[in-house]
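Okay, here's what each chain looks like letter by letter:
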Amino acid sequence: MINEQLLNPQSIVIIGGSNNVHKPGGAIVRNIISGGFRGDLHVVNPKEDEVQGLKVFHDVKDIPQTELAILVVAARFCPDYVDYLCAEKGVRAFVIISAGFGEETKAGAALEQRILDTCERYGAALIGPNCIGLLNRHHHSVFTLPIPDLNPQGVDFISGSGATAVFILESAVIKGLQFNSVWSIGNGKQIGIEDVLQYMDEHFNPDTDSKVKLLYIENIANPDKLLFHASSLIRKGCRIAAIKAGSSESGSRAASSHTGAIASSDAAVEALFRKAGIVRCFSREELTTVGCIFTLPELKGRNFAIVTHAGGPGVMLTDALAKGGLNVPRLEGPIAEELKAQLFPGSSVANPIDFLATGTAQQLGLIIDYCEQRFHEVDAIAVIYGTPGLNQLYEAYDVLDKKIQTCKKPIFPILPSLHTAGPEVEAFLKRGHVNFSDEVTLATALSQIMQTPQPAPSELELYGVDVPKIRDIITSLPPSVSGTNGDYVSPEIVRQLLSCAGIPLVPEMVSTSKEELAAFAEKVGYPVVAKVVGPVHKSDVGGVTLNIRTAEHLSLEFDRMMRIPDATGVMVQKMLKGTELFIGAKYEERFGHVVLCGLGGIFVEVLKDVSSGLAPLSYAEAYSMIHSLKGYKIIKGTRGQKGINEQRYAEIIVRLSTLLRFATEIKEMDINPLLADEHGVVAVDARIRIER
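These remarks concern the structure in this document.

Scoring rules and cut-offs
- For every chain, the first residue of the written sequence is number 1, and numbering continues from 1 onward in sequence order.
- With pLDDT at 70 or above as the cut-off, local features in this predicted model cover only qualifying residues; side-chain atom pairs require 80 or more to be listed or tallied, and sums for whole chains, interfaces and linings still use all residues.
- Water and hydrogen atoms play no part in the side-chain values, which are based on all heavy atoms of the structure.
- Two strands pair if DSSP finds at least two bridges between them.
- Helix and strand definitions here come from DSSP, where helices need a minimum of 4 consecutive H or I residues and strands a minimum of 2 consecutive E residues; each element is numbered from the N-terminal end.
- Only the stretch in contact is used when fitting a helix axis, every axis being a line fitted to C-alpha atoms; angles between N-to-C directions are given from 0 to 180 degrees.
- Think of a salt bridge as a Lys or Arg side-chain nitrogen and an Asp or Glu carboxyl oxygen that are within 4 Å of each other.
- The cut-offs for exposure are 20% and 50% of the maximum accessible area for each residue type, with area from a 1.4 Å probe on protein chains only; residues under the lower value are buried, those over the upper are exposed, and the others partly exposed.
- Starting at the helix axis, one direction is taken to each C-beta atom, and the arc is that of these directions.
- What makes two residues a contact is simply this: any of their non-hydrogen atoms within 4.5 Å.
- Note on ring pairs: Phe, Tyr and Trp rings are taken, using the six-membered ring of Trp, and paired if centres are within 6.5 Å. Classes follow the plane angle, with under 30 degrees stacked, over 60 edge-to-face and the rest tilted.
- Put simply, a nonpolar core is a bunch of buried Ala, Val, Leu, Ile, Met, Phe, Trp, Tyr and Cys residues held in one set by side-chain atoms that sit within 4.5 Å of each other.
- Throughout, a crossing is termed right-handed when the near helix is turned clockwise from the far one, and left-handed when it is turned anticlockwise from it by less than a right angle.
- Each residue receives one of three labels: charged for Asp, Glu, Lys and Arg, nonpolar for Ala, Val, Leu, Ile, Met, Phe, Trp, Tyr, Cys and Pro, and polar for the others, Gly being one of them.
- We define a polar contact as two N or O atoms separated by no more than 3.5 Å, with the added condition that, inside protein, one atom must be a possible hydrogen donor and the other a possible acceptor, whereas residues neighbouring each other in sequence contribute only through side-chain atom pairs.
- By convention, orient the strands away from the viewer: a clockwise path from the first strand over the helix to the second makes the crossover right-handed.

1. Remarks on the sheet that holds strand β8 (residues 133–136)
Read across the sheet, 7 strands follow the order β9-β8-β11-β10-β12-β13-β14 without closing on themselves; strand pairing throughout is mixed. Unpaired on one side and paired on the other, β9 (140–142) and β14 (279–281) mark the two borders of the sheet. Neighbour to neighbour, the strand axes of the sheet diverge by 20 degrees on average, direction disregarded. Where strand β10 (residues 150–159) and strand β11 (residues 179–184) come together, 6 bridges link them in parallel fashion. Residue L150 lies in a different strand from β11, and its bridge partner there is F179.

This is the structure in structure tokens:
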């Protein structure tokens, strides 16, 4: 419940404000005063008569009517203060800095719940508890430093951790990144990250509001809400980047011994961010670097010109851009020679454009003009310009300032000399610019941005998927298919479900009759494949035999497989050839089904080269998943080998995601392998685990 009293209060009371600026109660008073708060500011402290020039109230009963209250007192006192302030003083917004609530004990959780109940009853907004506060252009209600430069077009930053928010601000300020607001939600008892995004989405004004949102998330309480409002904001012209901490696979349990268990909470986060169009970051430096990139004109292509007077950084940037799928095209021909003639002897214009340590500010401006106006193959310009401490850089940075303001192509300033040219860099940043002091970090962030797809459409792809029949099959399963662990259903049920989704299947038969299987093999034609039915990992128990070419060989394999422990039958399939692919899925609480795709066979377990998406999936999402695989060159075709039918692979991914959308009882499944060639894709082996 975010209201005007929280965002733009006309009066604030600080319960526990003090003169000691080295403690939260004193620091928050200092920051609000130095931030130029224009309303009435009150302090309650029974032990002080004056706090930082403000008259102090010894008792909360003596304060006038107030809109926002900031509590910096012990947790046990907070519920009574909230009750009284809501009932008697008209307070309708709270920022509770205090810790010692639900993050520590059950007793603390009870105090927190009591505060929430009071706020809900009176329609009051609640930030925290256990947070550093709220910072915006109206009031600096935080007890921490640094306080970044604030302006309407700065970044909106929302953090689930107060300390991490401070460290991210430290990283951002050094780069020149400016802010519009900083939200530290703490325990997020009433207002979480999703709620802040919802407010920003529902009240978004494209003419006045910031279009950059940075998030630090430790818990996604409501994935659907996050997906909806993040996608909506991005469609409205915003750009969002986020860190999700605590998603490593080592922190998740393996729900099953089969390959669907590769889907972890981390895969769910990855899938959610891809679906929403959120750029995923993995460090503070990466997040703030992406934020800085977002403040520049949007990159329209992948071709960079690198302008430098230091060869090594230019080479490292070239390597890093290439690794991330971006290009540094060679510049040659008459125009390049014309530029080279105007530089000092020994300069190179091949790209990187190295105009030597002796290069002048005027030459820097000339090179940028050529990249902007004459080299039409260039989409963006990276300028690496530092100093060994022998000269000042004000003139060069003046040129860079003017070019950034006038050029249509984005210019990425890489000014590495933060120590030897500290004053010059600081002056450059004060003009409203950002600085990427490390070229490789910049390239990594750029590649993350370029690889992030646009928000996915919300429409379901139902064509060719028999939803009523899928539901009939699921609901008609016997009661034995139930329990907390669920069961893998029979191959026949698997075939029925995949057929309802329109997923092509290899001809097969399952039987305990050797004669029936021999007749089937004769019908479909040798060679065939025999697989034991029953054990989860067929290969591990010797339960798969390929390239069976005679009835006699089939008979011997049948007898052998039926002696394998837990065998309930034998499956015979027509043997096909092609590239092995994989599709899997895992149901994650709150997120729904995470769909995985990649190269199949043993490679999915050994290489773990998989891409994830959140069901239901669109065709654009499926193509994006396929293209993001490291092994995509194999799928596309390489070294004279024809590629697979990528359209059919994407179609099967989409159809499977629709099946899962209407069969939430499926908790884990995989199709491994699918066999693919240039003509089509066929499912060869599949398992489905049901839990009801």
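2. Focus: the sheet that holds strand β18 (residues 411–414)
Hydrogen bonding along the main chain pairs the strands of a sheet, whether they run parallel or antiparallel. The strand order β16-β15-β17-β18 describes an open sheet built from 4 strands, whose pairing is parallel. Either end of the sheet is taken by a strand with one partner, and the two such strands are β16 (353–354) and β18. Pairing of strand β15 (residues 304–308) with β16, which is carried by 2 bridges, proceeds in the parallel orientation. The residue bridging V307 from the neighbouring strand is I353, located in β16.

3. Structural notes on the pattern of salt bridges
Considering all chains together, one arrives at 28 salt bridges under this definition. A salt bridge links E621 to K275, with the shortest nitrogen-to-oxygen separation between them at 3.0 Å. Highlighted residues: E621 in helix α21 (residues 619–627) and K275 in helix α8 (residues 265–276), separated in sequence by 346 residues. Residue classification places E621 among the buried positions, given a relative accessible area of 11%. Put simply, E678 and K642 hold a salt bridge, and the shortest N to O gap is 3.7 Å.

4. Re helix α6 (residues 193–202)
Looking at α6, one finds that the buried residues are I193, E194, V196, L197, M200 and D201. Along the axis of α6, the buried residues cluster in a sector spanning 160 degrees; they form a single face. Contact partners of the buried residues in α6: β10, β11, β12 (212–217) and α7 (223–235).

5. Comments concerning the pairing of β12
In terms of burial, β12 is largely enclosed, as 6 of its 6 residues are buried. Residues V212, L214 and Y216 of β12 are buried on one face, and the alternating residues K213, L215 and I217, pointing to the opposite face, are buried as well. Bridging between β10 and β12 involves 4 bridges; their strand directions are parallel. What sits directly across from D156, in β12, is K213. Pairing of β12 with strand β13 (residues 239–244) involves 6 bridges; the strand directions are parallel. By the bridge assignment, L215 is partnered in β13 with A242.

6. Some details on the packing of aromatic side chains
Taken as a whole, this structure holds 7 aromatic pairs when the rule is applied. Between F355 and Y385 the ring centres are 6.0 Å apart and the planes differ by 40 degrees, which places this aromatic pair in the tilted class. Of this pair, F355 sits in the loop between β16 and α12 (361–373) while Y385 sits in the loop between β17 (380–384) and α13 (394–406); the two residues are 30 residues apart in sequence, bridging distant segments of the chain. The class for F355 is buried, based on a relative accessible area of 0%. Here the aromatic rings of Y385 and Y397 are separated by 6.4 Å at their centres, their planes lie at 75 degrees, and the arrangement is edge-to-face. In this pair, Y385 is assigned in the loop between β17 and α13 and Y397 in helix α13, connecting sequence segments 12 residues apart. Considered together, Y385 and Y397 belong to a single accessibility category, that of buried residues. Ring-pair connections join several aromatic residues into one group, and the members of that group are F355, Y385, Y397 and F428.

7. Focus on the nonpolar core
If you look at the biggest cluster of nonpolar residues, it comprises 58 residues, and the most contacted ones within it are L6, I14, I70, I158, W183, L215 and F273. Excluding residues within four positions of it along the chain, I158 makes contact with W183, I185, I193, V196, L197, M200, L214, L215 and Y216. Core analysis: the second largest hydrophobic core is formed by 48 residues, V467, L629, I644 and I690 among them.

8. Let's talk about the packing of α21 against helix α23 (residues 646–661)
Orientation of α21 relative to α23, taken along the N-to-C sense of each, is 120 degrees, at an axis distance of 9 Å. Between α21 and α23 lies a crossing of right-handed hand. Here Y619, A622, Y623, I626 and H627 of α21 lie close against α23, whose contacting residues are E646, Q647, Y649, A650, E651, I653 and V654. Per-class residue counts for the contact of α21 with α23 are 8 nonpolar, 2 polar and 2 charged.

9. A short note on the environment of N187
By the element assignment, N187 lies in the loop between β11 and α6. Judged by its relative accessible area of 26%, N187 is partly exposed. In this structure, the C-alpha to C-alpha distance between N187 and G637, residues 450 residues apart in sequence, is 50 Å. A distance of 2.7 Å separates a polar atom in the side chain of N187 from a polar atom in the side chain of E103.

10. Some points on unusual backbone geometry
Keep in mind that most residues, glycine aside, have a negative phi and that most peptide bonds are trans. The peptide bond linking L145 to P146 adopts the cis configuration, its omega dihedral lying at 5 degrees. Mapped onto the fold, P146 is located in the loop between β9 and β10. In this model, A615 is joined to P616 through a cis peptide bond whose omega is -5 degrees. Here P616 shows up in the loop between β26 (610–614) and α21. Even without being glycine, L356 reaches a positive phi, approximately 75 degrees. Relative to the helices and strands, L356 is located in the loop between β16 and α12. Here L356 falls in the partly exposed class, since its relative accessible area comes to 23%. One non-glycine residue, N547, adopts positive backbone phi at about 55 degrees. Mapped onto the elements of the fold, N547 is located in strand β22 (residues 544–548). Here N547 falls in the partly exposed class, since its relative accessible area comes to 33%.

11. A short note on the environment of V570
Within the element layout of this structure, V570 appears in strand β23 (residues 569–574). Residues V570 and V489, 81 residues apart in the sequence, show an inter-C-alpha distance of 15 Å. Apart from the residues lying within four places of it in its own chain, the contact partners of V570 are M509, V510, S511, L517, A530, K531, V533, F558, M561 and M562.

12. Side note on helix α14 (residues 422–430)
Where α14 is concerned, the buried positions are G422, E424, V425, F428 and L429. The buried side chains of α14 occupy one side of the element, clustering within an arc of 165 degrees when seen end-on. The secondary structure elements touched by the buried residues of α14 are α5 (162–175), α13 and β18. Just downstream of α14 lies G432, where phi reads positive at about 95 degrees.

13. A closer look at the pairing of strand β2 (residues 40–44)
In terms of residue burial, β2 counts as a mostly covered element, since 4 of its 5 residues are buried. Alignment of strand β1 (residues 11–15) against β2, held across 5 bridges, turns out to be parallel. By the bridge assignment, I15 is partnered in β2 with V44. With helix α2 (residues 24–34) bridging β1 and the parallel β2, this β-α-β connection has right-handed handedness.

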